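# Descriptive structure summary
The lines below spell out each chain.
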Amino acid sequence: MERKSVGDCEGLTFWLAQAEDYPEVMSMSEGIYGGNDYLPHRYHEWLGEPGRTVLLARSSQGKLVALESSLVVDEGTSVVVEGLRVCVSARGRGVAGIIQRFADSYVRQLYPFTIKMKRLTRSDDELAKYSLLARRAVLSLVGEAEYYNSFLSHLKNKLCSAGAASALTVSVPEMVPLEKEQLRDVLLDPELHSRVQLPGGAIIQDWQPLRPVEGNLEILARRNLTWLADSKDAPVFLSFYTPPYPVPYNGGSMRVNIDMFGTDHVLAQRALVGLLQRVFEKGELKGTVVVHVYMATSLWETLQGFCEGHTGVTRHRDYWEQLFMEKEF
Ligand SMILES: CC(C)(COP(=O)(O)OP(=O)(O)OC[C@H]1O[C@@H](n2cnc3c(N)ncnc32)[C@H](O)[C@@H]1OP(=O)(O)O)[C@@H](O)C(=O)NCCC(=O)NCCS
């Protein structure tokens, strides 16, 4: 069946992305995020995800010039925009603004009246027209998969010696896994936000901000996350990893994202060790592995010091930040 565009605006035509567009989308995406781009892995998954619209913009000659995805979350009250990109030859001419205006109007037709806020995360500067809800620090590590076991031993030794030094004065709980029902209770507990200081009131899962509300539990469940907390019912520290996925970096690497919520320095170290151990114990990771850890800014210094001193797994980037922003829709 012949494909039909879904509209046009300011000299571009807009199309719902399909599987057959993948090669063009990939050629438009070369070099994005220093090789840490998630889209090569997520593209096909995105096309079938409930509540998500992936739009492509084409020039009058049919050339693919931009992509943007909009995911309706927070029980229909927010739209999270992701994946925005413009082909190199069309940058600097306002195309990012055009595709966003079209995507907003398209999503408004699909969900009339419900969406109140448009939300996004990014690593660069704040964007005009958006208000900043939160900043998180990112610690990025890199190493070949085979070095991570000895890196983990290195971290555990540090934890043990720190523990031995402080055993008489503090007792720090172990991090425990959260199963589905416990997770539900923890996430829907109205006290969660104040106990773990959720950034901007959201769980940010691999750059995707989701308010801890019933309607988002299914979205989080789809992501197949592994959760660790300091307590099964009233945690002050919550963390998880997103299953590793391939990225183009260094000719093909694996990317691991760890998200942390809470400000306790020792619990952050324990969460890092516990989650990395779970990531690597399956023995499935090969080649270069890049780990990004997203956390409260006050934790970065401690966590980066904790990870120092190993020759196989080293810092991938200097201090950088994830910004969470929103504007009225
Ligand atoms: C960032 C990028 C999408 C900008 O595209 P562009 O068409 O060259 O941007 P322009 O400066 O010409 O367009 C300006 C408009 O886009 C908006 N814009 C630019 N970058 C944006 C971003 N990262 N997120 C949201 N809006 C953005 C501006 O607010 C402005 O909107 P307005 O016209 O409504 O005022 C493009 O450089 C790109 O594809 N980079 C690589 C991928 C990337 O970094 N994506 C950003 C993800 S956060």
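All residue numbers refer to position in the chain's written sequence, counted from 1. The predicted origin of the model limits local features to residues at a pLDDT of at least 70 and limits the giving and counting of side-chain atom pairs to 80 or more, whereas totals for whole chains, interfaces and linings rest on all residues. Hydrogen atoms and water are omitted, and side-chain values are computed over all heavy atoms in the structure.

Attention shifts here to the pairing of strand β16 (residues 320-328). Taking burial as the measure, the 9 residues of β16 include 7 buried ones, the bulk of the element. As defined by bridge partners, strand β6 (residues 117-122) adjoins β16 across 6 bridges and the pair is classed as antiparallel. Each bridged residue has a counterpart across the sheet, and for Arg-119 the counterpart in β16 is Glu-326. Two strands are counted as paired when DSSP detects at least two bridges linking them. Labels follow the DSSP assignment, with helices taken as runs of H or I lasting at least four residues and strands as runs of E lasting at least two, numbered in each case from the N terminus. With 7 bridges connecting them, strand β7 (residues 131-144) and β16 associate as antiparallel partners. Its bridge partner lying in β16, Arg-135 is registered against Leu-323. Burial classes: relative accessible area under 20% of the type maximum marks a residue as buried, over 50% as exposed, and values in between as partly exposed (1.4 Å probe, protein chains only).

Assignment of secondary structure puts Gln-304 in helix α9 (residues 300-307). Exposure remark for Gln-304: the relative accessible area of 9% places this residue in the buried category. When the C-alpha positions of Gln-304 and Asp-124 are compared, they lie 21 Å apart, and in sequence the two are 180 residues distant. Whether two residues are in contact is decided by their heavy atoms, any of which lying within 4.5 Å being enough. Not counting residues within four places of it along the chain, the set of residues in contact with Gln-304 comprises Leu-139 and Arg-315.

Here a Phe, Tyr or Trp ring, Trp counted by its six-membered ring, pairs with any other such ring whose centre lies within 6.5 Å, and the pair is stacked when the planes are under 30 degrees apart, edge-to-face when over 60, and tilted otherwise. Scanning the model with the defined rule gives 12 aromatic pairs in all. Ring centres of Phe-14 and Phe-102 lie 4.1 Å apart, and the angle between their planes is 5°; this geometry places the pair in the stacked category. Of this pair, Phe-14 sits in strand β2 (residues 12-16) while Phe-102 is found in helix α3 (residues 95-110), placing the two residues 88 residues apart along the sequence. Overall, Phe-14 belongs to the buried group, its relative accessible area being 0%. Accessibility expressed as a relative area gives 9% for Phe-102, which makes it buried.

Turning next to the site of the ligand. Residues in close proximity to the ligand total 17 residues, the closest being Val-86, Gly-92, Gly-94, Ala-96 and Gln-100. Here a polar contact is taken to be a pair of N or O atoms separated by no more than 3.5 Å, where protein atoms must pair a possible hydrogen donor with a possible acceptor and residues adjacent in sequence count only if both atoms sit in side chains. For the ligand, an oxygen atom lies 2.8 Å from a polar atom in the backbone of Val-86. Residue Arg-93 places a main-chain N or O atom 3.1 Å away from an oxygen atom belonging to the ligand. When the free accessible area of the ligand is taken as 850 Å², the share hidden by the protein chains comes to 70%. Those elements that provide at least two residues to the shell around the ligand are β5 (78-86) and α3. Top element by residues in the shell around the ligand is α3. It accounts for 5 residues. All residues other than Ala, Val, Leu, Ile, Met, Phe, Trp, Tyr, Cys, Pro, Asp, Glu, Lys and Arg, Gly among them, are scored as polar; the first ten of these are nonpolar and the last four charged. Along the lines of polarity and charge, the residues of the shell around the ligand split into 7 nonpolar, 4 polar and 6 charged. Residue proximity to a molecule or strand is established when one non-hydrogen atom of the residue lies within 4 Å of it. Each accessible area is a Shrake-Rupley result for a 1.4 Å probe, and residues are judged covered by the shown protein chains and nothing else.

Here we take up helix α7 (residues 214-222). Buried within α7 we find Asn-216, Leu-217, Ile-219 and Leu-220. The buried side chains of α7 occupy one side of the element, clustering within an arc of 165° when seen end-on. Once α7 ends, the next one or two residues include Asn-224, with phi positive near 55°. What the arc measures is the spread of directions leading from the helix axis to the C-beta atoms.

Within the secondary structure, Thr-121 sits in strand β6. Its relative accessible area of 15% is what places Thr-121 among the buried residues. Along the sequence, Thr-121 and Trp-207 sit 86 residues apart, while their C-alpha atoms lie 6.0 Å from each other. If we ignore the near neighbours within four places in the chain, the residues touching Thr-121 are Ile-204, Trp-207, Pro-209, Gln-322, Leu-323 and Phe-324. Polar contacts involving the side chain of Thr-121 include one to the main-chain carbonyl oxygen of Trp-207, which spans 2.6 Å.

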